[in-house]
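# Structural characterization, general
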Amino acid sequence: MFFRNVSIKVLVEIKSFCNITHVNTILQKQTRRYKFSCLWEEEKKDDGTKWKFLEHKGPVFAPDYEPLPENVKFYYDGKEMRLSQDAEEVAGFYARMLDHEYTTKSTFNNNFFNDWRKVMTQEETKIIKDLSKCNFKEMHAYFQSVSEKNRNRTKEEKAALKAKNEEIQKEYGFCIIDGHKEKIGNFRIEPPGLFRGRGEHPKMGMLKRRVMPEDVLINCSKDSNIPKPPPGHKWKEVKHDNTVTWLASWTENVQGQAKYVMLNPSSKLKGEKDWQKYETARKLHKCIDVIRENYKTDWKAKEMRVRQRAVALYFIDKLALRAGNEKDDDQADTVGCCSLRIEHIALHKEKDGKEYVVVFDFLGKDSIRYYNEVPVEKRVFKNLELFMENKKDSDDLFDRLNTQTLNEHLKDLMPGLTAKVFRTYNASITLQRQLDELTDASASIPEKILAYNRANRAVAVLCNHQRAVPKGHSKSMEALKEKIQAKRDQVDEAEEDLREATKAAKRGSVKEKLACDKKKKALERLREQLKKLELQETDRDENKTIALGTSKLNYLDPRISVAWCKKHGVPIEKIYNKTQRDKFRWAIDMAGPEYIF
DNA sequence: CGTCAAACTTAGTATGCTCCGC
DNA sequence: GCGGAGCATACTAAGTTTGACG
């Protein structure tokens, strides 16, 4: 807080004699900080407007389809067949995925074949009636050879390509919003292809149509340079809605959902929103005890609706479960807290020596499995038994509860409180507590970084952030183990060397003494290297199925990390990479050396 | 009140790139 | 220089929340 106030004061002075848009780089950075702080300290205008001026060049469209070379053939029922351009393009989407697991699934194949036939000519549909008679192998091989060629591009080709991309980025990748140039997050329209849902998605394999300018809505200021559609085309509509933050949008055909072009997380607009999110979490910290008392009392409520709400909230708080909205059956069957079904939990009066254990086993967001054995209070256990009475496996556990009513209740407990705030809050406070517990102030920097990663990992475990085991993990572990052994041998050798040298130095001249010193240093260096390797081993193995990135990016208040770095003399670059530093610039600029909770 | 969809955040994976040991 | 592991980035699917509508 101290730092922040000083900076603001100083910056107000700077601002008083500077034109913000024309100061030099250093001042610009300072000015931005000023503007951030200022906007956040002031009551923001509460009229829902997100900007006053917005100008951009519109999105970048996917490149046109390039027909296959003549010699790449498609065969149906053993016979060569020339496909129409549209049919060929869609066939190509499938051919690319031939060695992917998707193409072994009947849902994927049926959906693809169905949609493929829709783009065929009438003659083609008359012939192509059975996917299993289609031979895409030449097409597949062709695409493989193309990507192989791309991989083997010369340095010059690569540089040229990079330059071209940068050109596009420069032109389309930025917008002007309220006098500032800001990076756009996704300025490229999604190219056509086959829909790849996660988990058992009923729509997997469906054709994702090519998006045309005629599908695209543009949002910008009336008085800005309105983006031009590609030659010969028109936008669907140009609007000037300053209550939203998107620059362009279109409706995707598979699920009928809107897609948006929005700003990069480094932008002020997104940064402010992020900051607000963590401020709400801090507010929750101030009343969490009351809220916990409150839901514990409600475990005894007369109304079943209230009891269910109280138990659900307990899970959300204790286990960091997601809210769990209802889903349609044209999506993968996944659940969160409110949508848990009887089949997703099992009750054990006693399990592995613990009393009142609830076993959770369900698929959550992205069809990631959540498995957890949790001892709970007796009262919670009894309530769950009650909720499960006379129900089928496929019935809702909380049949009197949904996310809307839960969030309405939360809003009454604290303004701005919703179910997901608990996830943010518990993640951030876990980080802070773990950092305090795991960091040894006298440890080396690599050891401190290991401590940070462990704290980060505790949060990832809490939030159930998982990833596939990296390909070749066990192999790379073995290699690392070998390296460690080799280093150990080196250390032993160096120790022996030093012993000899010490002996020589005792009776020897200046020259021998110097040699001895050198050996000492060499040994030190080797020991350092060994330690580093050993730390790396622990870190990597503990990490194999846990994804740290998601929590770091979305759940951990960056001010905690920044404060920890300052307190322990760890350079911020050791914790955050470039992208992350850009996103968290507001915290890096503002945070003092003290924690936030 | 329930339903729907708009708008925005959160999520894992594919791909590209860098850096390290050989 | 070379190859490959691992990191960074791009991509886009899948969530949450809110507010309009009937």
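Residues numbered from 1 in each chain as written. Chains lettered and ligands numbered in written order. Predicted model: local features only at pLDDT ≥ 70, side-chain atom pairs only at ≥ 80, totals over all residues. Heavy atoms only, no water.

### Some thoughts on the protein's contact with DNA strand C
Surveying the vicinity of DNA strand C reveals 30 residues, the closest of which are Lys259, Asn325, Lys327, Arg540 and Thr579. When the atoms of DNA strand C within 4 Å of the protein are sorted by group, sugar and phosphate make up 92%. Take Asp366: an N or O atom from its main chain is 3.0 Å from a phosphate oxygen of DNA strand C. The contact in question runs from a phosphate oxygen of DNA strand C to an N or O atom on the backbone of Ala419, over 3.2 Å. Secondary-structure elements contributing two or more residues to the surface near DNA strand C are helix H11 (403-413), helix H12 (419-438) and helix H14 (473-507). Here the surface near DNA strand C is composed, by residue class, of four nonpolar, 13 polar and 13 charged. (Near = heavy atom within 4 Å. Polar contact = N/O pair within 3.5 Å; in protein donor to acceptor, adjacent residues only side chain to side chain. Helix = DSSP H or I, 4+ residues; strand = E, 2+ residues; numbered from the N terminus. Nonpolar A, V, L, I, M, F, W, Y, C, P; charged D, E, K, R; others polar.)

### Describing helix H13 (residues 445-462)
Here H13 spans 26 Å end to end across 18 residues, near enough to the 26 Å set by a 1.5 Å rise per residue. Among all positions in H13, only Lys448, Ile449, Leu450, Ala451, Tyr452, Asn453, Ala455, Asn456, Arg457, Val459 and Ala460 are buried. At the C-terminal side of H13, Asn464 shows a positive phi close to 60°. (Expected span 1.5 Å × (residues − 1). Buried < 20%, exposed > 50% of the residue type's maximum accessible area, 1.4 Å probe, protein only.)

### Quick notes on the packing of aromatic side chains
Counted according to the given criterion, the structure contains 26 aromatic pairs. Relative to Trp116, the ring of Phe74 has its centre 6.0 Å away and its plane inclined at 85°; by these criteria the two rings are edge-to-face. One end of the pair, Phe74, is in strand E2 (residues 74-76); the other, Trp116, is in helix H4 (residues 106-119), with 42 residues separating them in the sequence. Note on Trp116 and Phe136: the rings are 5.6 Å apart at their centroids and 50° apart in plane angle, and the pair reads as tilted. With Trp116 in helix H4 and Phe136 in the loop between strand E4 (134-135) and helix H6 (137-151), the pair connects residues that are 20 residues apart, well separated along the chain. For the pair Trp116 and Phe136, one class covers both residues: buried. Ring pairing ties together the aromatic residues Tyr295, Trp299, Tyr314, Phe315, Phe360, Phe362, Tyr370, Phe387 and Phe398, which thus form one cluster. For the cation-ring pair, Arg96 lies above Phe143, with the distance from its terminal atom to the ring centre recorded as 3.9 Å. (Phe/Tyr/Trp six-rings, centres within 6.5 Å; stacked < 30°, edge-to-face > 60°. Lys NZ or Arg CZ within 6 Å of the ring centre and 35° of its normal.)

### Digging into the UniProt feature "active site" (unreviewed entry) in chain A
As recorded in UniProt, the sites labelled "active site" (unreviewed entry) are Tyr555. Mapping Tyr555 onto the fold places it in the loop between helix H16 (549-554) and helix H17 (558-568). Those residues within four positions of Tyr555 in sequence are excluded, and the remaining contacts are Tyr278, Arg423, Thr424, Ala427, Ser428, His465 and Thr550. Only 2.9 Å separates the side chain of Tyr555 from the side chain of Arg423, close enough to count as a polar contact. (UniProt positions renumbered as here; feature names shortened; annotations may be inferred. Contact = heavy atoms within 4.5 Å.)

### Remarks on the environment of Arg210
One can find Arg210 in the loop between strand E8 (207-208) and strand E9 (217-219). With relative accessibility at 22%, the residue Arg210 sits in the partly exposed group. The sequence separation of Arg210 and Glu190 amounts to 20 residues, and the corresponding C-alpha distance is 8.1 Å. Beyond its immediate chain neighbours, meaning those up to four positions away, Arg210 contacts Ala62, Pro63, Asp64, Tyr65, Glu89, Pro192 and Asp215. A distance of 2.9 Å separates a polar side-chain atom of Arg210 from the backbone oxygen of Pro63. A polar contact of 2.9 Å, which involves the side chain of Arg210, links it to the side chain of Glu89.

### Observations concerning unusual backbone geometry
Even without a glycine there, the phi angle at Asp77 is positive, about 55°. Relative to the helices and strands, Asp77 resides in the loop between E2 and strand E3 (79-81). Looking at Asp77, the relative accessible area reads 43%, which means it is partly exposed. The residue Ser367 is not glycine, and still its phi comes out positive at about 60°.

### What to know about the sheet that holds strand E1 (residues 54-55)
The three strands are arranged E1-E5-E6 in an open sheet whose pairing can be described as antiparallel. Of all strands in the sheet, those bounded by a partner on one side alone are E1 and strand E6 (180-183). Sheet topology note: the strand E5 (residues 174-177)/E6 ladder contains four bridges and is antiparallel. Across the sheet, Ile177 pairs through a bridge with His180, a residue of E6. (Pairing = 2+ DSSP bridges.)

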